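Each chain is listed here by its residues.
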Amino acid sequence: MNQPRSVAFPPQAMPLAAWSRAQALAMTATLGTCAWQGQAWPVAVSALITFTALLWLGRHAYTPSGRFGSANTVTGVRLIVLLTLTLPPRLLPAWCALTIALSVLGLDLLDGWLARRASDTSAFGAHFDMETDALLVLVVTLRLWLGQGYEPWVLVAGYLRYAYVLGLWGWSGSGREAPRSRFGRWAFGLLMLGLCSGLVLSGLAGRISVALGTLAVSVSFARSYYFSRHAS
């Protein structure tokens with residue numbers, strides 16, 4: 001999860017918070033479908049619909065210049081690539097899943113650099129990037145649960161972003177999300193290290209790696225939720 005790339009959002013732009021709430025509800029419902037089907041592909045279908053809606057709603061605020069921009073293009077490529085992780089394990093061996101996850105993380109570093117270099121930073125770009133990161137975590141945890149025999153607790157890390165959004169919506173507080181912090185970026189890095197290790201390590205070693213990453217990101221979201229509840 002790279003450095004935030006956000007600036008003031010123009011008046012005609014879409015309501016990002018409302019889209020995030022809809023996304024959280026959609027992912028919650030889709031997880032139920034995945035459990036029923038025993039497969040991860042419903043998340044890919046749902047994500048294609050919700051992110052298409054995001055791109056349409058944000059069409060006037062992609063960048064300060066109004067163009068889509070190279071950084072958002074890279075984020076879009078990340079989104080499409082990570083959805084391949086929902087393929088059945090018989091079609092996508094563990095080493096292929098690891099390669100895809102690492103490629104998506106590498107592109108995550110590139111899109112932020114491109115946005116800053118081209119002065120294309122925007123609230124839309126930051127949100128698009130953040131929600132793509134959240135979806136990556138969700139699909140990797142689904143892969144571990146449905147494809148590699150991990151227990152359902154592994155989904156905790158994948159669902160935290162959506163639980164956070166719904167928590168801000170359902171309970172009183174400032175209602176605004178906490179800004180990205182250095183601690184949050186480190187926690188995301190530790191989480192992805194743990195999840196990627198879990199893709200290729202079997203048994204106790206894999207579970208410990210995933211559990212440590214989940215613990216780190218859980219602390220990060222707890223800090224963010226406290227900020228959002230108590231910020232003035």
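Residues numbered from 1 in each chain as written. Predicted model: local features only at pLDDT ≥ 70, side-chain atom pairs only at ≥ 80, totals over all residues. Heavy atoms only, no water.

(A) Main features of the overall build of the protein. Along its length, the protein carries eight helices and zero strands. Order of helices (α) and strands (β) in the protein, N terminus to C terminus: α-α-α-α-α-α-α-α. For the protein, the C-alpha radius of gyration of 17 Å lies close to 17 Å, the compact-globule estimate for 232 residues. With the C-alpha coordinates aligned to their principal axes, the bounding extent of the protein is approximately 50 × 35 × 30 Å. Pairs at least 24 residues apart make up 81% of the contacts formed inside the protein by residues separated by at least 6 positions. (Helix = DSSP H or I, 4+ residues; strand = E, 2+ residues; numbered from the N terminus. Rg over C-alpha atoms; globule rule 2.2 N^0.38 Å. Contact = heavy atoms within 4.5 Å.)

(B) Examining the packing of aromatic side chains more closely. For the structure shown, the criterion picks out seven aromatic pairs. Relative to phenylalanine 68, the ring of tyrosine 62 lies with its centre 4.8 Å away and its plane at 85°, an arrangement referred to as edge-to-face. Taken together, the ring pairs connect Trp19, Phe51, Tyr62, Phe68, Phe124 and Phe128 into an aromatic cluster. Here arginine 59 stacks its cationic end above the ring of tryptophan 56, 3.9 Å away from the centre of that ring. (Phe/Tyr/Trp six-rings, centres within 6.5 Å; stacked < 30°, edge-to-face > 60°. Lys NZ or Arg CZ within 6 Å of the ring centre and 35° of its normal.)

(C) Molecular detail of helix α4 (residues 94–117). End to end, α4 covers 35 Å across 24 residues, agreeing with the expected 34 Å (1.5 Å per residue, within 8%). Along α4, the positions that sit buried rather than exposed are Cys96, Ala97, Leu98, Ile100, Ala101, Val104, Leu105, Asp108, Asp111, Gly112, Leu114 and Ala115. Against α3 (70–83), α5 (123–148) and α7 (182–200) lie the buried residues of α4. (Expected span 1.5 Å × (residues − 1). Buried < 20%, exposed > 50% of the residue type's maximum accessible area, 1.4 Å probe, protein only.)

(D) How the structure looks around the pattern of salt bridges. Enumeration over the complete set of coordinates arrives at six salt bridges. With a shortest N-O distance of 3.5 Å, aspartate 108 and arginine 78 are connected by a salt bridge. One end of the pair, aspartate 108, is in helix α4; the other, arginine 78, is in helix α3, with 30 residues separating them in the sequence. Note that glutamate 131 is salt-bridged to arginine 161, the shortest N-O span being 2.9 Å. Taken together, the positions of glutamate 131 in helix α5 and arginine 161 in helix α6 (residues 155–170) put the pair 30 residues apart, joining distant regions of the chain. A relative accessible area of 1% places glutamate 131 in the buried class. (Salt bridge = Lys/Arg side-chain N within 4 Å of Asp/Glu carboxyl O.)

(E) Representation of the nonpolar core in the model. The biggest cluster of nonpolar side chains holds 55 residues, and the ones touching the most others in it are Leu135 and Leu142. Those elements that place two or more of their residues in this core are α1 (16–37), α2 (41–57), α3, α4, α5, α6, α7 and α8 (203–230). Here the element with the most residues in this core is α5; it accounts for 13 residues. With residues near it in sequence (within four places) discarded, leucine 142 still touches Leu31, Cys34, Ala40, Val43, Gly147 and Leu155. (Core = buried A, V, L, I, M, F, W, Y, C linked by side-chain atoms within 4.5 Å.)

Limitation: the analysis is restricted to geometry and does not speak to function.
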